[in-house]
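As a plain string of letters, each chain reads:
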Amino acid sequence: MATIIIDGREIEVPDHERLNLIEAARRVGVEIPHYCWHPGLSVVGSCRMCLVEIGRRDPATGQVQMMPKLMPACNTPIQDGMVVVTDSPKVRRARAMVEEDLLLRHPVDCPICDKAGECRLQDYHFRYGQPERRGDVRPFSSRRQELGPRITLFVDRCILCTRCVRFTREVSGTAELMVRARGTHEQIDVVDGFPLDNKLAGNVVDLCPVGALGDKDFLYRQRVWFMRSHASVCTRCAAGCSIWVDENQDRIYRVRPRENPQVNRWWICDDGRYDYHHVHDPRRLVAPVCREGSGLVPIDWPELLGRLSDQLARARPLAAVFSPFLTVEEAYLLARYIRGLDPEALLVLGPIPREGEDERFPGGFTIAAEKCPNRRGVEKVVAHMAGEVAVFERLLSELDGGTIRGVWVSGGYRQEWIDATTAARFDGLQQLVVQDLFPSPLTERATYALPGAAAAERDGSYVNRTDQLQSVSWAVRPPSGVRPEGSLLWALLGRQRLYDARAVLREVAAEIGHFHVAAEPIPEVGVNLKVNLLARSEGPAGEAEGVRQTRPS
Amino acid sequence: MSDYQPVLLANIHREDSHKLAVYEAAGGYRALRKTLREKSPQEVVGIVRASGLRGRGGAAFPTGLKWSFLPEGHPGPIYFCVNADESEPGTFCNRVQMEHDPHQVLEGTILSCYATRASTAYIYLRYEYPLAYRRLQDAIAECYEAGYLGKNILGSDFSLDIHIHRGAGAYICGEETGLIESIEGKRAWPRIKPPFPAVEGLFRKPTVVNNVETLTCVVHILDRGVEWFQSLGVPPDPDNPRDAGSYGPKLYGLSGHVNRPGVYELPLGVRCGELIEEYGGGVWKGRRAKAVVPGGVSTGLMSQSELDTPLDFAGPVSVGCLGLGTAGVVVLDETYPIIDFLYNSCRFFAHESCGQCTPCREGTRWALRILERIKGGRGRLGDLDLLAEIGEGIGIIPGTTICGLADGAAWPIKTALRKFRDELEDYIRRTNPTGYMATGPAEAVDVAEVA
Ligand SMILES: Cc1cc2nc3c(=O)[nH]c(=O)nc-3n(C[C@H](O)[C@H](O)[C@H](O)COP(=O)(O)O)c2cc1C
Ligand code: SF4
Ligand code: SF4
Ligand code: FES
């Protein structure tokens, strides 16, 4: 146990935690400003914004001896007896000096800079900078240079913290970025013919403490102070990265990684980052329709709710297709609903989209080949309800055999997931209910084709490939006419008031052993179902083992 | 002191002094033979420690102490780097040693590698020393031939390979961790310490970096003994517990406005004025000295009234200079404008700043900007305060940068302002008679003009 004093506040840190002074100060609510340090990158100690005074307290006499020189907090690990001062006049002078230096050649073009409002240079200037400009250099303007297909560099805004360079060397392992030239001639650059183009490239924009790196997807589309950030989970692949969804008036403008040591640490991949476009895709289904003769005609939700269950009940034997894009809660409600109509109903796991192999990056980040967020969660629910998880092929052969007369299909896939030939095997059903995001050969054949919600519009929980369960709330409201899966099933089950995903999850936890920890409130980073299961069944020894097995790579 | 017999330079005037046969005939490699036979590596470290030898590369760090920081019982490899980047303005002693007595440098390197148990040494050589390169190359070949290098040197179980790595014209490659990065094939951006090279250096292995002249001192300490070494120079000041003393011979590189510039070997502690008058033949053209740089431009300026200062490790500090540095003594005569010295010095450091640390990258350039404006006749008296503030703010001594380049940039500014402020103010008044009193932000100039 190390005891240190930061600005007069004492803090105890267990020996196994290796914190630097920035991290330790955060624990007592003291912010040490910093640019170049990032917990996910190597320490270079070059920006010099994090300078503090340190000293030692003599354990015998209690006397404090301070060191004469300033020390970078980022490269100073805590030590028992250390005394840290972060707001002395000396520290304040050093910070003002660094701010003044960084602004000497900076264009200060905040009015046209995307970063304004969440820029460290701006924030720190107001907090720690000089009130007036003494520099006699007129800076460059907003020179811009393309670094790759999605990333652009505003050359003169760069403060040369090298976070982006280190990211491409240490995390993506692609090393496209470099520092060119020396001293004040330095600039971030790529080598001709080797653009910044890798699947993690978008992260450098989040990493950049200033507005030097711009994401062309976001550029000039929204001022950051108009947006609200919602904690969410990426549903692009089975990694289930934690994300922030930044939205203004139900339109998503940007997706950023949300720090989660259990899952994605500080990063997300570009597939996930730009996946949000499907939410605002104009091809989406936005109104429920039902079959009349050979055509589909609009129907309103109250009418539909009034007759759907009866019609399905008359179409027994039933089957339901559980999309791996459903939340745990939705899968549970769907199973309850269909089994309520037909206790023998066949419960089928929808097709699992896969692309290639898992992609591992040198820094440990992995993009899963399985391109859906919740196969594990849905499987567990279905297995519990039906005793087994039937595969999609099984349904198809039952359909061919004519043993099934009514089917509920949940979709939510990004890409085309069913071709016309396969869809044709659903012909001849008495009832075919399809709830999906996009029109497909199947919605064309449906008795009821219902618009589904995109992930960012749903409440609920996902279980990723390492058994981490994360619960999220909706970030944007669905287009009018869309009724999210959970809310629809909630109503069909005759439940009162608004859909309450949390209440459903508690039910799931009570009923299905695998989910028992979900009875407790779910922390922001989620909980690991397997670890907790092992802990419960095997006691403390099992817990340790479980932690080792399921720690994300 | 004029009867002092050179030791480090004893060989250089012989014909073919760079050849192995000549070096051996003058007693070369005697220390190596004796040491490999009689002393263990720890004993060598002990002797060097006891001698009080301090690094000649600029920082004057005790050499034996540095070696003792290597982790004990390390399985290896341990690397040794010879710092032959010699780029400090006004410094050229290593060059003479490498060109005219390369075997002395190699013997020192081999002995130091033996002491530190290093199995590979790199000589990081300034690119602009082509003759030194050829001479060292030839000397290394001779050593392999003669069994002083390679496997089982002189029949012992000590083996060593030496490689020469040529730099590419950057001052920062002389900073020890910049040097290490450069050997690794990277940009010479000095590393933040800790970890220190002795723990994690070249290729993340324990590494020692020493200056060429330091290593040649090691040869003679082992050859002639600690007592001989301590008979030269200046013992520690008994009243100052932090003074580690200034023992041994030292090469002084005298240049600038003197009649006989050159490399002079003297015991540490010769007075600056004595060096200029007795050895350098006095200031040229019958003039007086206005200022003297004691040890490379990084160390700052001594004024005419401070010429009595002994050029040992403590002397220059006592008159407000950074230290003895590289003992590259540069004389400026009474006609030389301090503003020009300051401008040239700032231009050098702004050009050579590696650009990592904000205060060094921006501060050195800003100072140059201001001096450019002053020289352009648009100076203001307030500029001097701003320069002083920049000078006080940057460096590892205040703790605002990673390496000592920034201190080297700061000291000329600080000492010039402290010692020659009147002259600088005069200059500003004279060249900007209408605007020297102005306050408020100075008129801005496009950065493109500066860059
Ligand atoms: C900017 C900078 C440049 C340096 N250049 C050299 C150099 O050219 N040669 C050298 O021996 N030491 C140079 N040094 C000092 C080295 O960092 C290091 O202290 C020295 O090589 C250690 O050797 P020594 O202990 O034998 O003196 C430089 C230091 C700095 C900060
Ligand atoms: S572009 Fe941004 S992240 Fe990269 S070095 Fe410049 S300021 Fe840092
Ligand atoms: S002090 Fe200057 S030269 Fe040294 S590491 Fe920092 S920026 Fe580079
Ligand atoms: S955060 Fe410590 S020096 Fe940049």
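Bear in mind that the values here come from a model prediction, so they are computed numbers and not experimental data. (Residues numbered from 1 in each chain as written. Chains lettered and ligands numbered in written order. Predicted model: local features only at pLDDT ≥ 70, side-chain atom pairs only at ≥ 80, totals over all residues. Heavy atoms only, no water.)

Thoughts on the sheet that holds strand E12 (residues 213-215) of chain A
Note: strands within a sheet are paired through backbone hydrogen bonds, in either parallel or antiparallel orientation. Residues and elements named next belong to chain A. If you trace the 3 strands from one edge of the open sheet to the other, you get E8-E9-E12, paired in antiparallel fashion. Strands at the two margins of the open sheet, each flanked by one partner only, are strand E8 (144-146) and E12. Adjacent strand axes in the sheet meet at a mean angle of 30°, parallel and antiparallel pairs treated alike. Relative to E12, strand E9 (residues 151-154) runs antiparallel, the two sharing 3 bridges. Paired with Leu153 across the two strands is Leu213, which belongs to E12. (Pairing = 2+ DSSP bridges. Helix = DSSP H or I, 4+ residues; strand = E, 2+ residues; numbered from the N terminus. Axes fitted to C-alpha atoms, helices over the stretch in contact; angles between N-to-C directions.)

Some details on the interface of chain A and chain B
In this assembly, 38 residues from chain A lie in contact with 43 residues from chain B. A combined buried area of about 3300 Å² lies between chain A and chain B, and 53% of that area is made up of carbon and sulfur atoms. Contact with chain B buries area across many residues of chain A, yet A:Asp136, A:Arg138 and A:Arg182 alone supply 22% of it, more than any other trio. Between chain A and chain B we count 6 salt bridges in total. Note that B:Arg187 is salt-bridged to A:Glu186, the shortest N-O span being 3.0 Å. Run the count over chain A and chain B and you get 20 residue pairs in polar contact (both at pLDDT 80 or more). Those elements that place two or more of their residues in the side of chain A that touches chain B are helix H2 (89-104), strand E7 (137-138) and strand E10 (177-180) of chain A. By residue number, the principal contributor to the side of chain A that touches chain B is H2(A), which donates 6 residues. Here the side of chain A that touches chain B is composed, by residue class, of 17 nonpolar, 9 polar and 12 charged. (Contact = heavy atoms within 4.5 Å. Buried area = accessible area lost by both parts, 1.4 Å probe. Salt bridge = Lys/Arg side-chain N within 4 Å of Asp/Glu carboxyl O. Polar contact = N/O pair within 3.5 Å; in protein donor to acceptor, adjacent residues only side chain to side chain. Nonpolar A, V, L, I, M, F, W, Y, C, P; charged D, E, K, R; others polar.)

Section: unusual backbone geometry
All names here are of chain A. With omega at -5°, the peptide bond leading from Arg316 into Pro317 counts as cis. Examined against the element boundaries, Pro317 turns out to sit in the loop between helix H7 (301-313) and strand E18 (318-322). Phi is positive for Asp467, close to 70°, though the residue is something other than glycine. Looking at the secondary structure, you find Asp467 in the loop between strand E25 (460-463) and strand E26 (468-472). For Asp467, a relative accessible area of 3% translates into the label buried. (Buried < 20%, exposed > 50% of the residue type's maximum accessible area, 1.4 Å probe, protein only.)

A few points about the pairing of strand E22 (residues 406-410) of chain A
Residue and element names in this part refer to chain A. The buried fraction of E22 is high, at 5 of 5 residues. Burial of the side chains of E22 extends over both faces: Gly406, Trp408 and Ser410 are buried on one face and Val407 and Val409 on the other. Examined bridge by bridge, E18 and E22 share 4 bridges and lie parallel to one another. Bridge pairing in E22 links Val321 to Val409. When E22 meets strand E23 (residues 431-436), the two strands line up parallel, connected through 5 bridges. Paired with Val407 across the bridge in E23 is Leu432.

Section: helix H6 (residues 102-116) of chain B
Residues and elements named next belong to chain B. Counted at 1.5 Å a residue, the expected span for H6 with its 15 residues is 21 Å, and the 21 Å between its end C-alpha atoms agrees. Counting buried positions along H6 gives 15 out of 15 residues, so the element sits mostly inside the fold. Among the residues trailing H6, Arg117 stands out with phi positive, at a value near 60°. (Expected span 1.5 Å × (residues − 1).)

Some words on the site of ligand 3
Around ligand 3 lies a shell of 13 residues, among which B:Cys354, B:Cys357, B:Cys360, B:Thr401 and B:Cys403 are the nearest. When the residues that make up the shell around ligand 3 are grouped by side-chain class, the tally is 9 nonpolar, 4 polar and no charged. (Near = heavy atom within 4 Å.)

Looking at the pairing of strand E3 (residues 161-166) of chain B
Residues and elements named next belong to chain B. Alignment of strand E2 (residues 120-125) against E3, held across 6 bridges, turns out to be parallel. Along E3, the bridge assignment pairs Tyr122 with His163. Of the crossover connections in this fold, the one passing from E2 over helix H7 (residues 130-146) to the parallel E3 is right-handed. (Right-handed = clockwise from strand over helix to strand, strands pointing away.)

Quick word on the domain arrangement of chain A
Domain annotation for chain A reports domain 1 (2-87), domain 2 (141-280) and domain 3 (289-536). With centres defined by C-alpha atoms, the gap from domain 1 of chain A to domain 3 of chain A works out at 50 Å. (Domains from an automatic or database assignment.)

Brief notes about the domain arrangement of chain B
Accessible area lost during the coming together of the parts is what is often quoted as the interface size. Residue and element names in this part refer to chain B. Domains assigned within chain B are domain 1 (20-231), domain 2 (246-333) and domain 3 (338-449). Each of domain 2 and domain 3 has a C-alpha centre, and these two points are 24 Å apart. Tallying the contact residues gives 16 residues for domain 2 and 15 residues for domain 3. Of the roughly 1100 Å² buried at the junction of domain 2 and domain 3 (both faces included), carbon and sulfur atoms supply 70%. It is Lys290, Leu301 and Leu322 that lose the most area in domain 2 upon contact with domain 3, and together they represent 45% of the buried surface on that side. Applying the counting rule to domain 2 against domain 3 returns 2 salt bridges. Between Glu306 and Lys419 there is a salt bridge, with its nearest N and O atoms 3.0 Å apart. Where domain 2 meets domain 3, there are 6 residue pairs in polar contact (both at pLDDT 80 or more). Considering each element in turn, the side of domain 2 that touches domain 3 owes the most residues, 3 residues, to strand E9 (residues 289-293).

Things to note about the sheet that holds E2(B)
All names here are of chain B. Ordered in space as E3-E2-E1-E4, the 4 strands form an open sheet in which the pairing is parallel. Two strands close off the open sheet at either side, each with one partner strand: E3 and strand E4 (207-211). Looking at each pair of strands side by side, their axes are set apart by 20° on average, direction ignored. By the bridge criterion, 6 bridges tie strand E1 (residues 79-84) to E2 in an arrangement that is parallel. Directly across from Phe80, in E2, lies its bridge partner Ala121. Helix-sheet contacts for H7 involve E2 and E3, and the interaxial angle to E3 is about 165°. Packed onto the sheet, helix H8 (residues 176-183) meets E1, E2, E3 and E4 and runs at close to 105° relative to E2.

Some thoughts on the environment of B:Ser17
Residue and element names in this part refer to chain B. If you trace the backbone, Ser17 turns up in the segment before helix H1 (20-25). Sequence separation of Ser17 and His100 is 83 residues, and the distance between their C-alpha atoms is 5.8 Å. Look past the residues within four positions of Ser17 in its chain and what remains in contact with it is Asn11, Ile12, Val22, His100 and Asp101.

Topic: the packing of helix H14 (residues 358-378) of chain B against helix H17 (residues 421-431) of chain B
Residues and elements named next belong to chain B. One can describe the packing of H14 onto H17 by two numbers: an axis separation of 8 Å at closest approach and a directional angle of 45°. Taken together, the axes of H14 and H17 lie oblique to each other. Across the interface between the two elements, Ile374, Lys375 and Gly377 from H14 touch Tyr427, Ile428 and Thr431 from H17. Looking at the contact of H14 with H17 residue by residue, the classes come out as 3 nonpolar, 2 polar and 1 charged. (Parallel < 35°, antiparallel > 145°, perpendicular 65-115°, else oblique.)

What about the nonpolar core?
Among the nonpolar cores identified, the biggest contains 122 residues, and A:Tyr35, A:Leu213, B:Leu301 and B:Leu387 are the most heavily contacted of them. In this structure B:Leu301 touches B:Ala291, B:Val292, B:Val293, B:Glu306, B:Cys321, B:Leu332, B:Ile338, B:Phe341, B:Thr415, B:Ala416, B:Lys419 and B:Phe420, once residues within four positions along its chain are discounted. Of all hydrophobic cores here, the second largest spans 63 residues; its members include B:Leu36, B:Leu149, B:Leu232 and B:Val263. (Core = buried A, V, L, I, M, F, W, Y, C linked by side-chain atoms within 4.5 Å.)

Section: the packing of helix H2 (residues 30-38) of chain B against H6(B)
All names here are of chain B. Running from N to C, H2 and H6 cross one another at 15°; their axes reach a closest spacing of 9 Å. Between H2 and H6, the crossing angle belongs to the class labelled roughly parallel. Remark: the crossing between H2 and H6 carries left-handed chirality. Facing H2, whose interface residues are Arg30, Ala31, Leu32, Thr35 and Leu36, H6 presents Glu107, Ile110, Leu111 and Tyr114. Among the residues making up the contact of H2 with H6, the classes are represented as 6 nonpolar, 1 polar and 2 charged. (Left-handed = near helix turned anticlockwise from the far one by under 90°.)

Quick notes on helix H5 (residues 93-100) of chain B
Residues that lie three or four places apart on an α-helix share one face, since the helix turns once every 3.6 residues. Judged by how many residues are buried, H5(B) sits mostly within the fold: 6 of 8 residues are covered. Those residues of H5(B) lying buried are B:Cys93, B:Asn94, B:Val96, B:Gln97, B:Met98 and B:Glu99.

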